[in-house]
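# Examination of the molecular architecture
So the chains spell out like this:
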Number of protein chains: 2
Amino acid sequence: MATHTDRHPSASHYDIVIVGAGPVGLMLSTCLARWGYKIKHIDNRAEPTPTGRADGIQPRSLDLLRNMGLKSAFMAHKPARVYEVAFWDPPKAGKGIVRTGTWPSCPSFIDARYPFTTLLHQGHIERVFIADLEKNGVRIQRPWTIRGFTSNEKADPEYPVTVNLEHVDGTAKETVKAKYLFGGEGARSFIREQLGIGIKHKDPIAYVWGVMDGVVKTDFPDIKMKCNIHSEHGSMMVIPRENNMVRLYIQIASSTDPDFHPRKTATAEEVQASAKRILQPYSIEWERVEWYSVYPIGQGISDKYTLDHRVFLGGDACHTHSPKAGQGMNTAFLDALNLAWKIHAVEAGFARRSLLETYEPERKDVAETLLAFDNKYAKLFSQRPPSGNEVAAASANTHTENEFVKTFKESCEFTSGYGVFYKANALNWSPSHPAQSHLILPPETSHTKLVPGRLFINADVTRVVDANVVHLEQEIPLNGAFRLFIFAGQPSLATSRAALRDLAFHLSKPQSFYSAYTRRDIHSVSHHERHNPHSHFFTLCTIFAARRPDIEIARDVPFPLAAYRDHVYADDRWDRRAPPGAKACAHAKMGLDEERGGVVVVRPDGYVGFVVALEEGSGTVDALNAYFGAFCSKRLGETRAVL
Amino acid sequence: MATHTDRHPSASHYDIVIVGAGPVGLMLSTCLARWGYKIKHIDNRAEPTPTGRADGIQPRSLDLLRNMGLKSAFMAHKPARVYEVAFWDPPKAGKGIVRTGTWPSCPSFIDARYPFTTLLHQGHIERVFIADLEKNGVRIQRPWTIRGFTSNEKADPEYPVTVNLEHVDGTAKETVKAKYLFGGEGARSFIREQLGIGIKHKDPIAYVWGVMDGVVKTDFPDIKMKCNIHSEHGSMMVIPRENNMVRLYIQIASSTDPDFHPRKTATAEEVQASAKRILQPYSIEWERVEWYSVYPIGQGISDKYTLDHRVFLGGDACHTHSPKAGQGMNTAFLDALNLAWKIHAVEAGFARRSLLETYEPERKDVAETLLAFDNKYAKLFSQRPPSGNEVAAASANTHTENEFVKTFKESCEFTSGYGVFYKANALNWSPSHPAQSHLILPPETSHTKLVPGRLFINADVTRVVDANVVHLEQEIPLNGAFRLFIFAGQPSLATSRAALRDLAFHLSKPQSFYSAYTRRDIHSVSHHERHNPHSHFFTLCTIFAARRPDIEIARDVPFPLAAYRDHVYADDRWDRRAPPGAKACAHAKMGLDEERGGVVVVRPDGYVGFVVALEEGSGTVDALNAYFGAFCSKRLGETRAVL
């Protein structure tokens, strides 16, 4: 995408000021920098996180990082991978601890490409983002802090935000103007406080945790697994790390203790002694301690994520909770991603400004779920360990579901990241959406497995141009564009061919959602451009329920779909998860008719927005026009064009 | 492994002098540098290959590179991946070319982890090795050349080789002493010439090829596939490359032409004009030409790979052939690997010097096969295109095999690298091997699918310590050690438990092959050492036919196997390729009894050496002692110890 940096009135005008270079700030910055925005990004630390802090990347986050082309940079650090969680409890008779069960951290009923949690310390993670930012000309300004800001759309409708920045030692100051300000400063957010936004504490119980990263020598057999250990001497969590390290979380105090004080602390030696007692009869000695910290944790959620849709908050500034489920960084990533593409859609002229109003409800709802889950999860563990049969039942997706199995399954979906979903709004179609058509395929009344607001389903397909077997859901990089997956059914069927031809014809009409946002530089685009040959806002994939050798792009794929040569696929790969008897497994997994297909709109962040049948005539594109018309900046569709 | 560099009499004494920093020299150097050898490595080019030259990495080579931890560095360059080969021929009627068939480059009957050919230019490949070498303190000395050498074991039994080196412009000279000299200088090897070793030309037909790398604009639909194009205007091969590039091979002359001359050449413009004619009715225009070269190719094979087992040759210095099958670099890698671990085994004191005598026969035989194959392959293509049914029959592994299908399957196995095998010798057990025992499991008369001299079979297993799902064949890095895969059957069976206990007991006896080569620094080895806690020459893996939660290392794995904590596995993963009904798929794929298991010795380069039943008593270790005794430096086994 062409750079936007040359369009500002002065050097001190920015598209956005981002405060805080932790996971949320870096994800936001990385997305917007790639899409050409001018960014002022500050952090009050002199360096990226040197040790410790967050470290858990969930399965779905790994998908996201891969979609950004960053996964291999993370994996180069050889992070630990958690496939199972072990439970250790006091034995029925006698002293010490015994393993009472294990469960998969991402059981097979979840269709995950990477069914494990990846553990890597936050510093490595930050540096991967920072390196990517630098490729796009953004450098974090350190150690700088925010001293104040105002936001006034009336005084300056284009750059309503004024931000005062200062070197942490007060030796330098700067005032900048921006379209947006983002507070990703963590739990003690200055911006949140200035806005006067309160925090609601969900669970009256607070905890003090000690956390220690280090290298140990131990005969405890599960030291390379994630463990939840309850013993008569207290509770501990074991998290394996890269480089033979291990992280131990030890609960130091709970507000349920008679003598609770949130400032209660413990020395490293005390925590080590505590760990030794908890692990008995196993021994543990430290070869090296890399990081040690004590911190109080309460469950809190910010009342608002924004007041004026110009100054936004995200990450720990909005929600705090226990580290047990390893959700902090993952939730931060998704806050940032959600905001990033919406700012882009508005600023690039594609969406109406009101699209930004979906950020808070979508992400606050997820945070509410996370907090509720955090409670439930803690209780699930503390009540009793799961039995092997229960775990097996949950994994096997059987119908013998007791409350425990149900909660377990929900927990796994949630912690893996695949359970995150967004409720109905202009983006996530529901029966109350303005788009109405008999062609729409709602999950409730059709066979489709694609649910608006939920993630697109994983599927393997064969790319036609080079016969590469690829992951369909990864084929479009995180480019800020909506993803149109056109499941075209069987090219040999006359009706399917006609439907595809009509789709292409109506897409090409000047007032279609697609043509209305044609690139201005359409005539100078390289013929190597794979993803955005016609529009910055759409990437189109066409998937045929046919074998690759039977697909001929020149014959079977009409313009403009054919312009996306690298995005034409054969749905001819076997899939263990497809329904028995399915011939076109991707079609079948999506719940789309293998002969007739359907069109799936996926939001730039990977969540399904809209699913519509592919039929002859203008109906499919009419329905798409109506869907996009709910939030697009232009009037779409035939009728209005005629008026 | 401890460095060997401090053991030499002077700074100008080396373990090995390597001439040529192409794929063969770099692979040899990288292995030996990692294992602690002192290396003088020169190349007469000032820089690594800037453009062009070899580019095809076969599926099996990718396994090897992964085993070396180098795969991700290659993949970071986003190489092209060839999954299918397309055939284009003149139509039955009319002009131009039509696609007459496609076939998979690595069909599903081959159990490949990466069923595609990876295309990346040699410069990137060289740089990955060079970066690894530099981590181990080896820098290629450039641009230097070899001016002469002598080898005299009588005069200096330890450093028999004297090498005269010179800067290419003659401004500097150096004379060094070495234990070995390796010539990896390509087809016009100075060392080969000096040794007076001749080249045998297998096929009297010679060719002149033009090869061009560049970026093109074309409507030819298979430009991202590997294509074999025959037209009335000549023949061409299309190879996709990284960065939107394509490589075109165009045959300029053949010795069957009436006016053939091996020095016949063509300009880039002539070759481009020729490509345009061949591709008609499709158009092709060059946006950029990165590399262009014309070279004559004859099929040749060196008479000897060494005369005295001190001065060795490998790679193109030993074998030249057409680029059609993309085998050059892959064969070079395997030459180097074969020599590297044997030099290490001898120099580190594990094997008798005669082990080096297996290098030439093993690798020369592969080169002979390659040349024979190269001919057959060319004829296979030129005779007729394969029919869809024939390809399907070959892929489905059916019994309806005609000659074409048979050749096709052999070709695929060979080109993928999985078909390379070594004949019977001291390393690759056969009925004429000195080791004789009723416990030996020969492929001819037992159920085992493991064949001495062939690659170990791929299998997924679950690592017990951290529940990670892993590729068993990749679990031991290329560390120069023999790999003992102890398939231990069912730990719940008393006989299996007893057999494992007896194996461990007899391994621990001082005269066993295992204990005889205990590390000298055994008492100072870190408890984090995963692969070589006891011996530099062995890494032991124990695989149980049981579910992971049912395996308790402290209970089920006797010492010394338990010292390899990270190498204990549960054979509990489903495998599509396992025989129907198999419960322990890895055991079953290997053809080993699921209850009783068996012990597999895999050479350091990944080829099976020996397969023996796991039974109570000393028989299993006796057989292993006899196997290793055939090439080990020490006397092994109970009987001899008593004498």
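Heads up: these notes are all about the structure in this document. What you are looking at is a predicted structure, and each value in this text was computed from that prediction instead of being measured.

### Describing the packing of helix α11 (residues 494-507) of chain A against helix α14 (residues 619-629) of chain A
To characterise two packed helices, one gives the angle between the axes of the helices and the distance between these axes. All names here are of chain A. Closest axis-to-axis distance for the α11/α14 pair is 8 Å, and the angle between their directions is 45 degrees. As the angle between them shows, α11 and α14 are arranged oblique. For the pair formed by α11 and α14, the contact residues are Leu503, His506 and Leu507 on the first element and Thr620, Val621 and Leu624 on the second. Split into classes, the residues belonging to the contact of α11 with α14 amount to 4 nonpolar, 2 polar and no charged.

### A short note on the packing of aromatic side chains
Given two aromatic rings, their pairing is described by the distance between the two centres and the angle made by the two planes. Residues and elements named next belong to chain B. Across all of its chains, the model carries 71 aromatic pairs over all chains by this definition. On the basis of an interplanar angle of 55 degrees and a centroid distance of 4.7 Å, the ring pair of Trp88 and Phe220 is categorised as tilted. Placement of the pair is Trp88 in strand β5 (residues 84-89) and Phe220 in the loop between β11 (199-218) and β12 (226-231), with a sequence separation of 132 residues. For the pair Trp88 and Phe220, one class covers both residues: buried. Taken together, a centroid distance of 4.7 Å and an interplanar angle of 15 degrees make the contact between Phe513 and Phe628 stacked. With Phe513 in the loop between α11 (494-507) and β21 (538-544) and Phe628 in helix α14 (residues 619-629), the pair connects residues that are 115 residues apart, well separated along the chain.

### Some points on the pattern of salt bridges
Under the definition given, this model contains 90 salt bridges over all chains. For Glu153 of chain A, the salt bridge goes to Arg310 of chain A, with nearest N and O atoms at 2.8 Å. Of this pair, Glu153 of chain A sits in the loop between β8 (144-151) and β9 (161-167) while Arg310 of chain A is found in the loop between β15 (284-302) and β16 (311-313), placing the two residues 157 residues apart along the sequence. The exposure class of Arg310 of chain A is buried, given its relative accessible area of 3%. A salt bridge links Arg603 of chain B to Glu362 of chain B, with the nearest nitrogen and oxygen atoms 2.7 Å apart.

### What to know about helix α6 (residues 268-279) of chain B
Residues and elements named next belong to chain B. For α6, built from 12 residues, the straight-helix expectation of 16 Å at 1.5 Å per residue is met to within 8% by its first-to-last C-alpha distance of 16 Å. Those residues of α6 that fall on the buried side of the exposure criterion are Ala268, Val271, Gln272, Ser274, Ala275, Ile278 and Leu279. Angular distribution of buried residues about the axis of α6 spans 160 degrees; they occupy a single face of the element.

Calculation criteria
Residues numbered from 1 in each chain as written. Chains lettered and ligands numbered in written order. Predicted model: local features only at pLDDT ≥ 70, side-chain atom pairs only at ≥ 80, totals over all residues. Heavy atoms only, no water. Axes fitted to C-alpha atoms, helices over the stretch in contact; angles between N-to-C directions. Helix = DSSP H or I, 4+ residues; strand = E, 2+ residues; numbered from the N terminus. Parallel < 35°, antiparallel > 145°, perpendicular 65-115°, else oblique. Contact = heavy atoms within 4.5 Å. Nonpolar A, V, L, I, M, F, W, Y, C, P; charged D, E, K, R; others polar. Phe/Tyr/Trp six-rings, centres within 6.5 Å; stacked < 30°, edge-to-face > 60°. Buried < 20%, exposed > 50% of the residue type's maximum accessible area, 1.4 Å probe, protein only. Salt bridge = Lys/Arg side-chain N within 4 Å of Asp/Glu carboxyl O. Expected span 1.5 Å × (residues − 1). Arc of directions from axis to C-beta.

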